[in-house]
Amino acid sequence: NDKNIGSLNDKQRDIVETIKEDVQKLNDLVSNLLKISHIQSNKTSFNIKKSNIKELIKSCLYNFIPLAKEKEIELKLSLEERLPEEKIKWVLNNLLSNAVRYTERGSIKIDGYIKENDILVSVTDTGRGIPSNYLEKVFERFVRVEGFEIPEESTGLGLSIAKEIVEIHGGKIWCESEVGYGSKFIFTIPLS
């Protein structure tokens with residue numbers, strides 16, 4: 001494509017572009033597999049530290065503003081005023097990415113609040129929803145909901161990685177959903 005080996009005709013350019021896209025998909029798949037492997041082999045070496053969850057949530061949300069605008073999806077944020085890094089940011093980015101990917105119209109709302117001794121964060125969308133028999137399965141590796149058109153860039157690993165990260169932090173993650181009405185992914189992290 002850079003014409004380092006000469007000019008390409010239209011057909012050659014199309015082939016090179018297809019190769020480039022396929023390499024990117026493979027790269028993403030390998031990257032996700034490496035993340036899972038790294039998480040599983042280094043569970044005790046996480047650098048868990050105090051962080052400002054409000055700023056972390058806002059930072060993740062702002063990354064998705066352009067994509068949401070492009071799809072005409074409204075992004076909403078509701079953070080409790082008294083809410084007290086990097087891996088939790090990855091969980092949020094994954095949940096937001098899925099919400100934007102699978103929402104055709106409507107809105108996506110992020111809530112952050114304290115309940116008893118936990119911080120609860122939820123990402124609620126008005127997308128296609130998930131059948132009830134998949135609500136737990138979606139957190140398993142390579143699971144894809146049958147009967148739904150799944151974007152090619154989806155590897156079926158993101159929610160599995162998110163679950164590993166949340167559980168290493170002593171939290172839980174789950175999904176509430178109804179087909180045709182959207183999904184709500186919730187995760188908890190102990191305040192301590």
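Just so it is clear, the model here is predicted, and its values are computed rather than measured. (Residues numbered from 1 in each chain as written. Predicted model: local features only at pLDDT ≥ 70, side-chain atom pairs only at ≥ 80, totals over all residues. Heavy atoms only, no water.)

Chemist: How do you make sense of the sheet that holds strand 4 (residues 173-178) when you look at a structure like this?
Modeler: As a general point, the strands of a sheet are linked pairwise by backbone hydrogen bonds and lie either parallel or antiparallel. On the basis of which strands lie adjacent, the open sheet formed by five strands has the order 1-2-3-5-4 and mixed pairing. The open sheet is flanked by strand 1 (73-79) and strand 4, the only strands paired with a single partner. Taking the axes of each pair of neighbouring strands and ignoring which way they run, one obtains an average angle of 15° across the sheet. In this sheet, strand 5 (residues 182-190) lies alongside strand 4 in antiparallel orientation, the contact comprising six bridges. When the bridges of strand 5 are listed, S177 appears paired with S183. Across the sheet, helix 2 (residues 53-63) is in contact with strand 1, strand 2 (106-115) and strand 3 (118-125); its angle to strand 1 comes to roughly 175°. (Pairing = 2+ DSSP bridges. Helix = DSSP H or I, 4+ residues; strand = E, 2+ residues; numbered from the N terminus. Axes fitted to C-alpha atoms, helices over the stretch in contact; angles between N-to-C directions. Contact = heavy atoms within 4.5 Å.)

Chemist: In this structure, what is going on with the environment of V179? I would like to understand it.
Modeler: Considering the arrangement of structural elements, one finds V179 in the loop between strand 4 and strand 5. Each C-alpha atom, one on V179 and one on P131, is 5.7 Å from the other, the two residues being 48 residues apart in sequence.

Chemist: Can you walk me through a nonpolar patch on the surface in this structure?
Modeler: A contiguous nonpolar patch, built from I15, I19 and V23 and spanning about 270 Å² of accessible area, is present on the exposed surface. Residue I19 is classed as partly exposed on the basis of its relative accessible area of 49%. (Patch = residues over 30% accessible without salt bridge, like charges linked within 9 Å, V, L, I, M, F, W, Y side chains within 5 Å. Areas by Shrake-Rupley, 256 points an atom, 1.4 Å probe, with all protein chains shown as cover. Salt bridge = Lys/Arg side-chain N within 4 Å of Asp/Glu carboxyl O. Buried < 20%, exposed > 50% of the residue type's maximum accessible area, 1.4 Å probe, protein only.)

Chemist: Sorry if this is basic, but what is going on with the pattern of salt bridges here?
Modeler: Where charged atoms from two side chains of opposite charge come close, those side chains can pair. Tallying each qualifying case throughout the model produces three salt bridges. For E167, the salt bridge identified is with K163, shortest N-O distance 3.5 Å. Placement of the pair is E167 and K163 together in helix 5 (residues 158-168), with a separation of four residues, close to one helical turn. The exposure class assigned to K163 is partly exposed, which follows from its relative accessible area of 30%.

Chemist: Help me understand helix 5, please; the structure alone is not making it clear to me.
Modeler: Quick reminder: α-helices carry 3.6 residues per turn. Residues three or four places apart thus point the same way. The buried fraction of helix 5 amounts to nine of the 11 residues, a majority that puts the element mostly inside the structure. Listing the buried residues of helix 5 in full gives G158, L159, S160, I161, A162, E164, I165, V166 and I168. Phi turns positive one or two residues past the end of helix 5, at G170, with a value near 85°.

Chemist: How should I be thinking about the packing of aromatic side chains in this particular structure?
Modeler: Pairs of aromatic rings are described using the distance from one ring centre to the other and the angle between the two planes. Going through the model one piece at a time under the given rule, you end up with one aromatic pair. Pairing F139 with F185 gives two aromatic rings, centres 6.0 Å apart and planes at 75°, and the pair type is edge-to-face. With F139 in the loop between strand 3 and helix 5 and F185 in strand 5, the pair connects residues that are 46 residues apart, well separated along the chain. Residue classification places F139 among the buried residues on the basis of a relative accessible area of 9%. The ring of Y134 carries the charged tip of K137 above its face, separated from the ring centre by 5.3 Å. (Phe/Tyr/Trp six-rings, centres within 6.5 Å; stacked < 30°, edge-to-face > 60°. Lys NZ or Arg CZ within 6 Å of the ring centre and 35° of its normal.)

Chemist: So what exactly am I meant to see when it comes to helix 2 here?
Modeler: Buried residues of helix 2: I53, K54, L56, I57, C60 and L61, and no others. Along the long axis of helix 2, the arc covered by the buried residues comes to 165°, so they all point the same way. (Arc of directions from axis to C-beta.)

Chemist: What exactly am I supposed to notice about the nonpolar core here?
Modeler: The nonpolar side chains of a soluble globular protein tend to be buried with one another. Among the nonpolar cores identified, the biggest contains 39 residues, and L95, L96, I130, V138, F185 and F187 are the most heavily contacted of them. Looking at this core, the elements with two or more residues in it are helix 2, strand 1, helix 4 (86-101), strand 2, strand 3, helix 5, strand 4 and strand 5. When residues of this core are assigned to their parent elements, the largest contribution, seven residues, is made by helix 4. With residues near it in sequence (within four places) discarded, L96 still touches C60, L61, F64, I108, I110 and V123. (Core = buried A, V, L, I, M, F, W, Y, C linked by side-chain atoms within 4.5 Å.)

Chemist: How should unusual backbone geometry be read in this particular structure?
Modeler: Excluding glycine, a negative phi dihedral is what most residues carry, and trans is how most peptide bonds are arranged. Backbone geometry places E72, a non-glycine residue, at a positive phi of 60°. Within the secondary structure, E72 is located in the loop between helix 3 (65-70) and strand 1. We classify E72 as exposed; its relative accessible area is 69%. Phi at E116 takes a positive value of approximately 55°, unusual for a residue other than glycine. Looking at the element boundaries, E116 is found in the loop between strand 2 and strand 3. Judged by relative accessible area, E116 falls into the exposed class, the value being 71%.

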